[in-house]
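Here's the letter readout for the chains.
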Amino acid sequence: MGDALAYGGGRVNLAYDNGLPGLDRVIIWFNDPGNWWGSGGLFAHIGEHLAYTLIVVVLAVALALPLGLLIGHTRRGTALVAGVANILRAVPTLGLLILLIVLLSPHIPIQAGAFGIIAPGAGPYFVPALLVLLVLAVPPILTSTYAGIQALDPAIRDAAEGIGMTPLQVAVKVELPCALPLLLSGIRSATLQVIATLTVAAYAPLVGGLGRLIVDGQQNLADPRYGYPAMIAAGLTIAVLAVAIDALLGLAQRLITSPGLTTAGAHRPSPMTSQSLAQNSSHQALSGRPPVKDLP
């Protein structure tokens, strides 16, 4: 089995048997400082990858959070949104990217670069890639937002309305904080999907990121610096980056979320707590006096 693997009576050649550099070249690639620095180095591609991820996730939150709040608060359109979200998750990413490049890129006049992460002339191709990644990032944030709000105990919502809160105040000051654990879980999921799928964006011309090493490496697999070793190194870097970002987001989630909130138990308070909240709000509504806090 030194040079090939037996399979079904035939022989399957390994990478080095096909004239490609062996996996040992990946270690050599990582040990070469020239592969880390410069405009085409690993650090530059990591920076582009993280910047693209941040742009996509921020836009996804800006789109999904208000809509999720509206759906969760009104309890309308849940089935429709869930169906659309499932359909969007099934869309083939590469096929959609190529379709949008063909349809949209000729009509996008943006030619200037931006902040050193979008190359000059990349605008017509970056916008379709951005839209494709938003298709992946919006559904988990949207569904987790309205699911977290709908899991809120109705007594808490009634108590907030009983003390005179407007629907907007109930949504922002009561429902959203209680839905925070599920919302942050949705953001974590979306972020990981974007980090992993950004490699596909490199099929768009002039779009960077770690996927650029993979796409460009396919042009000359036998090259020990820009071919097969660079592709494997980029794949390993993406995996490590995803694990590290998920760990950081998990830590941030624990720091941001109130200890009294969990994704399961905090939304349904005990009957005594619900009764106390309702009685407290009714007391204020009838007497006009501030609510009385429960003793611990």
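Please refer to the structure higher up on the page.
Residue positions are given per chain, counting from 1 as you read along its sequence in written order. Totals for whole chains, interfaces and linings use all residues, but because this is a predicted model, local features are given only for residues with pLDDT of at least 70 and pairs of side-chain atoms are given and counted only at 80 or more. The basis for every side-chain value is the complete set of heavy atoms in the structure, and neither hydrogens nor water enter the calculation.

Participant: Break down a nonpolar patch on the surface for me, with residues and values.
Facilitator: Residues L94, I98, L99, V102, L103 and Y203 make up a contiguous nonpolar surface patch of about 550 Å² in total accessible area. The secondary structure listing takes helices from DSSP runs of H or I that are at least 4 residues long and strands from runs of E that are at least 2 residues long, numbered from the N terminus. Relative to the assigned elements, I98 resides in helix 4 (residues 93–104). Residues qualify for a patch when their relative accessible area is over 30% and they have no salt bridge, like charges being joined within 9 Å and the nonpolar side chains of Val, Leu, Ile, Met, Phe, Trp and Tyr within 5 Å. Accessible surface area values rest on a Shrake-Rupley calculation with a 1.4 Å probe, where residue burial reflects the displayed protein chains alone. Any carboxyl oxygen of Asp or Glu that lies within 4 Å of a side-chain nitrogen of Lys or Arg is treated as forming a salt bridge with it.

Participant: Residue-level account of the layout of surface pockets, with values.
Facilitator: If you add up the space inside the largest pocket, you get close to 210 Å³. Buriedness of a pocket was judged along seven lines, with at least five required to meet protein on both sides within 12 Å; pockets are open sets of points on a 1 Å grid over the protein atoms alone, cavities are sets where a 1.4 Å probe fits but cannot get out, and lining residues have an atom within 4 Å of a point. G40, G41, H45, L213 and Y226 are, among the 15 residues lining the largest pocket, the residues nearest its centre. Among the secondary structure elements, those contributing two or more residues to the lining of the largest pocket are helix 2 (42–74) and helix 9 (211–217). When residues are sorted by character, Ala, Val, Leu, Ile, Met, Phe, Trp, Tyr, Cys and Pro go into the nonpolar class, Asp, Glu, Lys and Arg into the charged class, and all the rest, Gly among them, into the polar class. Residues of the lining of the largest pocket, tallied by class, amount to six nonpolar, six polar and three charged. Listed by contribution, the elements that provide at least two residues to the lining of the second largest pocket are helix 2, helix 8 (180–201) and helix 10 (228–256). Considering every element that reaches the lining of the second largest pocket, the biggest residue donor is helix 2, with six residues. When the residues that make up the lining of the second largest pocket are grouped by side-chain class, the tally is eight nonpolar, two polar and no charged. Grid points are joined across faces, edges and corners, and a volume is the space filled by probe spheres set on the points.

Participant: So, the packing of helix 6 (residues 154–162) against helix 7 (residues 167–178): which residues are in play, and what are the values?
Facilitator: Where helix 6 meets helix 7, the closest approach of the two axes is 10 Å, and the angle between their N-to-C directions is 135°. Comparing their axes, helix 7 and helix 6 come out oblique. Both helix 6 and helix 7 take part in a crossing whose hand is right-handed. On helix 7, the residues that touch I156, R157, A160 and E161 of helix 6 are V170, V174 and E175. Within the contact of helix 6 with helix 7, the residues separate by chemical class into four nonpolar, no polar and three charged. Interaxial angles span 0 to 180 degrees and are taken between N-to-C directions of axes, which are lines fitted to C-alpha atoms, for helices over the stretch in contact. Angle categories: roughly parallel below 35 degrees, roughly antiparallel above 145, roughly perpendicular from 65 to 115, and oblique for all the rest. Should the near helix be turned counterclockwise from the far one by less than a right angle, the crossing is left-handed, whereas a clockwise turn marks it as right-handed. Residue contacts are counted whenever heavy atoms from the two residues lie within 4.5 Å of one another.

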